[in-house]
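# Structural overview
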Amino acid sequence: MKRILVTGGAGFLGSHLCDYLLKEGHDVICLDNFFTGSKDNIRHLLGNPHFELLRHDIVQPILLETDQIYNLACPASPIHYQYNPVKTTKTSVMGVINMLGLAKRVKARLLQASTSEIYGNPTVHPQREEYWGNVNTVGIRSCYDEGKRVAETLCADYHRQNGVEVRIARIFNTFGPRMALNDGRVVSNLVLQALRGEPLTLFGDGSQTRSFCYVDDMIVGLVRLMNSDYDESPVNLGNPREITILELAEKISGIMSQSSRIEYRTLPEDDPVRRCPDISLAGRVLDWKPQVSLEDGLTKTIEYFRSKTVEAQ
Ligand code: NAD
Ligand code: UDP
């Protein structure tokens, strides 16, 4: 049994990770400033003696005893990370410095939640870990993309310079229950719009692609990476099934057996055209690949949002 710190533990991925680690028998410390996370995501854990909740901002240092640190704290949806872009960069950069400093002090292993966004608008397809990316340094997505890139650099340097054990997960688009209703990412937006009988908003012509991974698969991948001996490079985690955003909208309508009107909106600046992970490294070193189909994952997500919208009425 380990003592494990999960920063961003009240968020979408973090709360599922807390659940998983507790089920495995560990003690979990969930740290969150509740910017995009919610107590609702972890309320069911509050009475658990193996679970502790800390309201804290990782931009500030913190001292505690821990064996492993999953550093997930950072808003992930463009509307939220662009709300206060300077704070977003601070969260990624100062946050990871604080967590790496803590890891160094208490000899903990740290897993950094990096992102497919470090590849920017990729010129290589699908994206392999060796690809260095194509990122605008001064665009509206840069606060997130460059913050996460520097965080990777800091992980690599704390490892080389101080011997801190680090793992870097490059997470591709992940979806599922507990995405916030106001999250603003495409799956939650389209599902909510469909449930409310509103038109589905597609940015651009909907021909841009993404590859969507169900949350349960992602959590297994993160835990396997943390506990694996592989530390030579970052590892892509995501579902390699690539679809256009228009196809995603059609799939959601199909599962819900309804025909929704589509409303086309302007494509946001620097929105990547194509994105799909090459996950052969994760297959080789973690024996990991996603198990949940897009259809099954969407069905579960739709059920979750249906229950939340009924609750809200
Ligand atoms: P989320 O917004 O639901 O969760 C982020 C959590 O971090 C929230 O609980 C939020 O309150 C907390 N947080 C934000 N700033 C903080 C700060 N300064 N101090 C303490 N807590 C803070 O997002 P998510 O989808 O669960 O993403 C979790 C992590 O995974 C993020 O680091 C994100 O960049 C990464 N990631 C997610 C995806 C995805 O598709 N979900 C893809 C790539 C990377
Ligand atoms: N998108 C969309 N409609 C929405 C929200 C997003 O068409 O209501 C598009 C967005 O422009 C992007 C894709 O869906 O091309 C995925 O967007 P998301 O914000 O989920 O993630 P990211 O762009 O970070 O991959």
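This text gives an overview of the structure that appears in the document. (Residues numbered from 1 in each chain as written. Chains lettered and ligands numbered in written order. Predicted model: local features only at pLDDT ≥ 70, side-chain atom pairs only at ≥ 80, totals over all residues. Heavy atoms only, no water.)

## A word on the nonpolar core
Rules: Among the buried residues, those of types Ala, Val, Leu, Ile, Met, Phe, Trp, Tyr and Cys that are joined through side-chain atoms within 4.5 Å form a nonpolar core. Buried, partly exposed and exposed residues are distinguished by accessible area as a fraction of the type maximum, computed with a 1.4 Å probe on protein chains only: under 20%, between the cut-offs, and over 50%, respectively. Should any heavy atoms of two residues lie within 4.5 Å, those residues are counted as being in contact.
Counting 60 residues, the largest nonpolar core has Tyr-70, Leu-222 and Leu-237 as its most contacted members. Other than its neighbours up to four places away in sequence, Leu-222 contacts Tyr-70, Leu-111, Ala-169, Ile-171 and Leu-237. Formed by 23 residues, the second largest nonpolar core is a distinct cluster that contains Ile-62, Val-93, Leu-102 and Val-166.

## Overview of the site of ligand 1
Put simply, the rule reads: Near is defined per residue: the residue qualifies when any heavy atom it owns lies within 4 Å of the molecule or strand. Definition of a polar contact: a pair of N or O atoms within 3.5 Å, with one able to donate and the other able to accept a hydrogen when the atoms are protein atoms, and with sequence-neighbouring residues admitted only if both atoms are side-chain atoms. Strands are runs of DSSP state E lasting at least 2 residues, helices are runs of H or I lasting at least 4, and numbering of each runs from the N terminus. Charged residues are taken to be Asp, Glu, Lys and Arg, nonpolar residues to be Ala, Val, Leu, Ile, Met, Phe, Trp, Tyr, Cys and Pro, and polar residues to be all remaining types, Gly included.
Lining the immediate environment of ligand 1, one finds 29 residues, of which Leu-13, Asp-32, Thr-36, Tyr-144 and Lys-148 sit closest. Between ligand 1 and Gly-11 there is a distance of 3.0 Å, counted from an oxygen atom to a backbone nitrogen or oxygen. Separating an oxygen atom of ligand 1 from a backbone N or O atom of Leu-72 is a distance of 2.8 Å. Secondary structure elements with two or more residues in the shell around ligand 1: helix H1 (12-23), strand E5 (109-115) and helix H4 (142-162). In terms of residue count, the dominant contributor to the shell around ligand 1 is E5 (three residues). Residues of the shell around ligand 1, tallied by class, amount to 14 nonpolar, eleven polar and four charged.

## Observations concerning empty space enclosed by the protein
Over the atoms rolls a probe the size of a water molecule, and its path tells where empty space is left. Rule in force here: Definitions used throughout: a 1 Å grid over protein atoms alone; a cavity as a set of points that fits a 1.4 Å probe which cannot get out; a pocket as an open set with protein on both sides within 12 Å along at least five of seven lines; a lining residue as one with an atom within 4 Å of a point. Grid points are joined across faces, edges and corners, and a volume is the space filled by probe spheres set on the points.
Under the definition given, this model contains one cavity of 30 Å³ or more. Its boundaries defined by the atoms lining it, the largest cavity holds a volume of some 40 Å³. Lining of the largest cavity is provided by Asn-71, Leu-72, Ala-73, Cys-74, Thr-91, Ser-92, Gln-112, Ala-113 and Lys-148. Those elements that place two or more of their residues in the lining of the largest cavity are helix H3 (85-106) and E5. Its residues assigned to classes, the lining of the largest cavity shows four nonpolar, four polar and one charged.

## Comments concerning the environment of Leu-17
Inspection of the secondary structure assignment puts Leu-17 in helix H1. For Leu-17 and Asn-71, which are 54 residues apart along the polypeptide, the C-alpha to C-alpha distance reads 11 Å. Excluding its chain neighbours within four sequence positions, the residues that come into contact with Leu-17 are Val-6, Tyr-70, Leu-72, Ile-219 and Val-223.

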